[in-house]
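Report on the structure
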Amino acid sequence: MKQMRKSTLEELGLGTVLDVFRNGKLPVDVEQAVTAVFGPPGDRGCMVISGANGVVGAGKLMQFAARLYPYGVPIVALDLAGAPDGIGKQFSGLRKAFGADQSAEIAKSIIQLNYDGKSLPSALKIYKPKFLLEAIPEKLELKKAHYALFRREYPDILIWSVTSGFPSEQLGVDIAHPAFPHEINKIFEIVEKKPGPTSALLWALGLIPVEVSDHWSFVLDVFFCGLMQASIRSSSMKNMPYWKTDKYIRKLVGPNPFRAHDAIGARGANFLTWSCLHHLYLQYGPLFEPVPELVERKDSGQNWYPPDHFRPLVNYSISDRERSELEDVVFGSLFQMTTIMLHERRASLPAMNAIGELCAQFTNGMLATLRNRGATAVLQTIERYHALHPEAAQTSWYPEELNRMSEVEWQQLYVNAEHDGKVGFIQISRESYNSDVDAELNRAMDWLLTQGIRRAILCGDFHLSTQMVGADTNEFFPALNEKSEGVRIAATWSATARRLHTDFDCTVGFINGKRCMGGMLELMMHCHYLFATDAVVLSMPEVTLPVVPGMEGCHWPFRKTNEAGRLQLAKMLLAGRPVKAAEALGWLVDRTGPQESLLGEAWNLVNGDESIATRRPFEHEALPPIRFGAIDGLDHSDAQLEQAREAIRTTIKEACGANLTDALRIQAEHSAAFMISALCHKGVVGAAWSKIASI
């Protein structure tokens, strides 16, 4: 096997994507993983979550209980008597996610026990503890004493800490640091000597373990706490209200760090951020030294935002020079911190980049940002930052790491490719399509073709990407006011997608996970065959945003089906409602079924077994007119929705009424023209832009 780079799945000890298809099954199933950690059916021990009433403990309690209750694993929620009831607050969310009946069943698997912090309750023995997830306060000696308490009574128990900052070497246990928000975010930064049964369990449960190295604050909290530090510093330099700084940070980077601290709970979040930065400062130097305002709020627990009614009364703006300085402080500090993590090899580059996006909520991963700016511009930003904050220059950092940007791992942060000499596998690890993914996809296809590979499967990475949610709408912001930008995006992305059809002899789009929507579905439908597992939901929701599909969704799939199928496609586009994969069989999807059987079928087909599925004919010339009047079940009461539908109808008519060569230009023009319309500006994309543009 040859690879462009090592896959993040491989880092978990779970093999490669090629192995998944070649073996016709996933590397580990839930029953197997649960047995490895908790014991066989009928004799399973429990999972203990200590500090279960805290924000992290309560969120993880619900997350694990919902996944483990079908396998007979009890969850013991352990906390001090009299601790505030954080668990009770979670049940409304549980009912909302699973319904009253199922949430009641999940709740039955949760056993709440109290202890005094010095000895464990005797009732705990009944449940045979196998795995402790510790979420008690961030005090090193307290944590160590806690582990000793458990090990005295349960010497073989597996222990993981959710600590935000203490390394495994300090704690003496493995780390599973979860990303916020704790109830829904599935990412865990994992520190363990080598990938073992517990990280395999997380992966099998549909959670997302990411291997990181054993350094203070790991990756996520260097990014997020570092951003918070830079945001406070910027506010102080400009004497700017924190809520206003949040608006600038949102536009520059993506998250709202001050609002996030208040949402988590300012008292706890301020302490955790201070703790991470304090220990990083002791280890590395002044770059990380907590600013006085953070120290003050760590002690007071005060929120960063004032009461909402005060904010609209303040109209605060800054000059272009001040805005430039704010950007230098934010990016300069983040860039310097990133070079340190690169030097220490804190995680693989794709994983480090993904942690920034999936956990810290950066619009673009920090490594992708570095790569797009280039080494020279990054160094200049850090130099300007040091002029504004000279003490930061006293902390060692590693500009030489930027010289590695031409290496493959740097160039393929989102898209990987591997092959066995005959069949290639292109894996996308980002859930939304953007220009970085587009460029990397082209490089992956080029690499396979130069390796002599003409048969390939396009899929997710079976790890970081659990769904495909469509195009990254942040990419559309420049196109809202510049039609040429909209044309460029639609035309170039469509040209990339077409390569799956034109440059290879056989391509199979394989969709698993939760859903595939919008631009990602348009990409996948360019493959010669489209496979989707039973669990997948497919959707073209553009009309609800509203935008006009730009990656040929208004004509490409129409060329691969009959009149009845075209009506189904038109309804899908005009209604914007999701369909299950089985419902799209024949007119959009070529094969569907259980995941493991579908893996084997995709493998056999791409290896030459044409009996698996019949390749649908593809029409290059103009199609007969679509009979839109035959489409039933559309609600015509919403005037704005009808306007968006009319724009999509027109695009379908004109793109399907042209030959394949002209259709790309026609669809790109219509997509771009709608993007600059008042209707689009009033919609989801326009509203998102307004929030960050109007500051």
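Residues numbered from 1 in each chain as written. Predicted model: local features only at pLDDT ≥ 70, side-chain atom pairs only at ≥ 80, totals over all residues. Heavy atoms only, no water.

Brief notes about the overall build of the protein chain
Across its full length, the protein chain carries 27 helices and 20 strands. Here the C-alpha radius of gyration of the protein chain, 26 Å, is about what a compact globule of 695 residues would show, namely 26 Å. With the C-alpha coordinates aligned to their principal axes, the bounding extent of the protein chain is approximately 75 × 65 × 55 Å. A burial count over the protein chain gives 59% of its 695 residues as buried. Carbon together with sulfur atoms contributes 51% to the accessible area of the protein chain, which is approximately 26600 Å² in total. Across the protein chain, the 70 positively charged side chains and the 79 negatively charged ones have centroids separated by 3 Å. (Helix = DSSP H or I, 4+ residues; strand = E, 2+ residues; numbered from the N terminus. Rg over C-alpha atoms; globule rule 2.2 N^0.38 Å. Buried < 20%, exposed > 50% of the residue type's maximum accessible area, 1.4 Å probe, protein only. Areas by Shrake-Rupley, 256 points an atom, 1.4 Å probe, with all protein chains shown as cover. Lys, Arg positive; Asp, Glu negative; His and termini not counted. Charge placed at Lys NZ, Arg CZ, Asp CG, Glu CD.)

Side note on the packing of aromatic side chains
A full pass over the atoms with the stated rule returns 19 aromatic pairs. Relative to F258, the ring of Y242 lies with its centre 4.8 Å away and its plane at 35°, an arrangement referred to as tilted. Remark: F258 occurs in helix α11 (residues 257-264) and Y242 occurs in helix α10 (residues 242-252); sequence separation between them is 16 residues. Since its relative accessible area comes to 15%, Y242 is described here as buried. On the numbers, 5.9 Å between centres and 35° between planes, the contact of F271 with W274 is tilted. Note that F271 and W274 are positioned in helix α12 (residues 266-284) at a spacing of three residues, about one turn of the helix. On the basis of relative accessible area, W274 is assigned to the buried category, the value being 17%. Linked through ring pairs, F21, F425, F462, F510 and W603 together constitute an aromatic cluster. K298 extends its terminal NZ or CZ atom over the ring of W274, reaching a point 4.2 Å from the ring centre. (Phe/Tyr/Trp six-rings, centres within 6.5 Å; stacked < 30°, edge-to-face > 60°. Lys NZ or Arg CZ within 6 Å of the ring centre and 35° of its normal.)

Things to note about the pattern of salt bridges
All told, the structure shown has 31 salt bridges when counted by the stated rule. Measuring nitrogen to oxygen at the nearest pair gives 2.3 Å for the salt bridge that ties E31 to R44. A residue pair is termed long-range when its members are at least 10 positions apart, and E31 in helix α3 (residues 30-38) and R44 in the loop between α3 and β2 (46-50) qualify at 13 residues. Between E485 and R488 there is a salt bridge, with the nearest N and O atoms lying 3.0 Å from each other. (Salt bridge = Lys/Arg side-chain N within 4 Å of Asp/Glu carboxyl O.)

Topic: the domain arrangement of the protein chain
Segmentation of the protein chain into domains returns domain 1 (10-15 + 22-211), domain 2 (219-409) and domain 3 (467-693). Each of domain 2 and domain 3 was reduced to a C-alpha centroid, and the two centroids are 38 Å apart. (Domains from an automatic or database assignment.)

A word on the sheet that holds strand β19 (residues 579-580)
Strand order in the open sheet formed by three strands is β16-β18-β19, and the pairing between neighbours is mixed. The open sheet terminates on both sides in strands that have one partner only, identified here as β16 (515-517) and β19. With two bridges joining them, strand β18 (residues 537-539) and β19 adopt antiparallel strand pairing. From the neighbouring strand, V537 faces β19, where its bridge partner is K580. (Pairing = 2+ DSSP bridges.)

Here's the deal with the environment of Y69
Within the element layout of this structure, Y69 appears in the loop between α4 (55-68) and β3 (75-80). Take Y69: its relative accessible area is 24%, and that puts it in the partly exposed class. Along the backbone, Y69 and E105 are 36 residues apart, and their C-alpha atoms lie at a distance of 7.9 Å. A polar atom in the side chain of Y69 sits 3.2 Å from the side chain of Q102. (Polar contact = N/O pair within 3.5 Å; in protein donor to acceptor, adjacent residues only side chain to side chain.)

Digging into the nonpolar core
Soluble globular proteins tend to pack their nonpolar side chains together in the buried interior. Of all hydrophobic cores here, the largest spans 166 residues; its most connected members are L521, L523, L538 and L588. Here the element with the most residues in this core is helix α14 (residues 320-344); it accounts for 10 residues. In contact with L521, not counting residues within four places along its chain, are I511, C516, L530, L538, S539, M540, M572 and L588. Ranked by size, the runner-up nonpolar core spans 64 residues in total, among them F38, A52, A176 and F510. (Core = buried A, V, L, I, M, F, W, Y, C linked by side-chain atoms within 4.5 Å. Contact = heavy atoms within 4.5 Å.)

Focus: the sheet that holds strand β5 (residues 129-134)
Taken in spatial order, the eight strands make up an open sheet running β4-β3-β2-β5-β6-β7-β8-β9, and their pairing is mixed. Looking at strand neighbours, the two that pair on one side only are β4 (110-115) and β9 (208-211), the edges of this open sheet. In this sheet, adjacent strand axes meet at a mean angle of 25° when their direction is disregarded. Sheet analysis places strand β6 (residues 158-161) next to strand β7 (residues 174-178), joined by two bridges and oriented parallel. By the bridge assignment, W160 is partnered in β7 with D174. (Axes fitted to C-alpha atoms, helices over the stretch in contact; angles between N-to-C directions.)

Remarks on unusual backbone geometry
Geometrically, the link from L545 to P546 is a cis peptide bond, its omega value of -10° lying close to zero. One can find P546 in the loop between β18 and α22 (563-575). Although it is not a glycine, S217 adopts a positive phi angle of roughly 70°. Tracing the chain through its elements places S217 in the loop between β9 and α9 (220-238). At R345, a position not held by glycine, the phi torsion is positive, near 55°.

Side note on the side chain of E138
Among the secondary structure elements, E138 is positioned in the loop between β5 and α6 (140-153). With a relative accessible area of 10%, E138 lands in the buried category. Within the structure, E138 has its side chain in polar contact with the backbone nitrogen of S164 (distance 3.1 Å). Every residue in contact with E138, bar those within four places of it in the chain, is listed here: K143, T163, S164, G165, F166, F271 and L272.

As for the pairing of β9
Residues I208 and V210 point to one face of β9 and P209 and E211 to the other, with burial holding for every one of them. Strand direction decides the pairing type here: strand β8 (residues 187-191) and β9, joined by four bridges, are parallel. Bridge pairing in β9 places I187 opposite I208. Read from β8 through helix α8 (residues 197-204) to β9, the crossover connection turns out right-handed. (Right-handed = clockwise from strand over helix to strand, strands pointing away.)

Quick word on the side chain of T381
Mapped onto the secondary structure, T381 falls in helix α17 (residues 375-388). You can call T381 buried: its relative accessible area is 3%. There is a polar contact of 2.9 Å between the side chain of T381 and the backbone oxygen of A377. When sequence neighbours within four positions are dropped, the list of residues in contact with T381 reads D328, F331, G332, F335 and R373.

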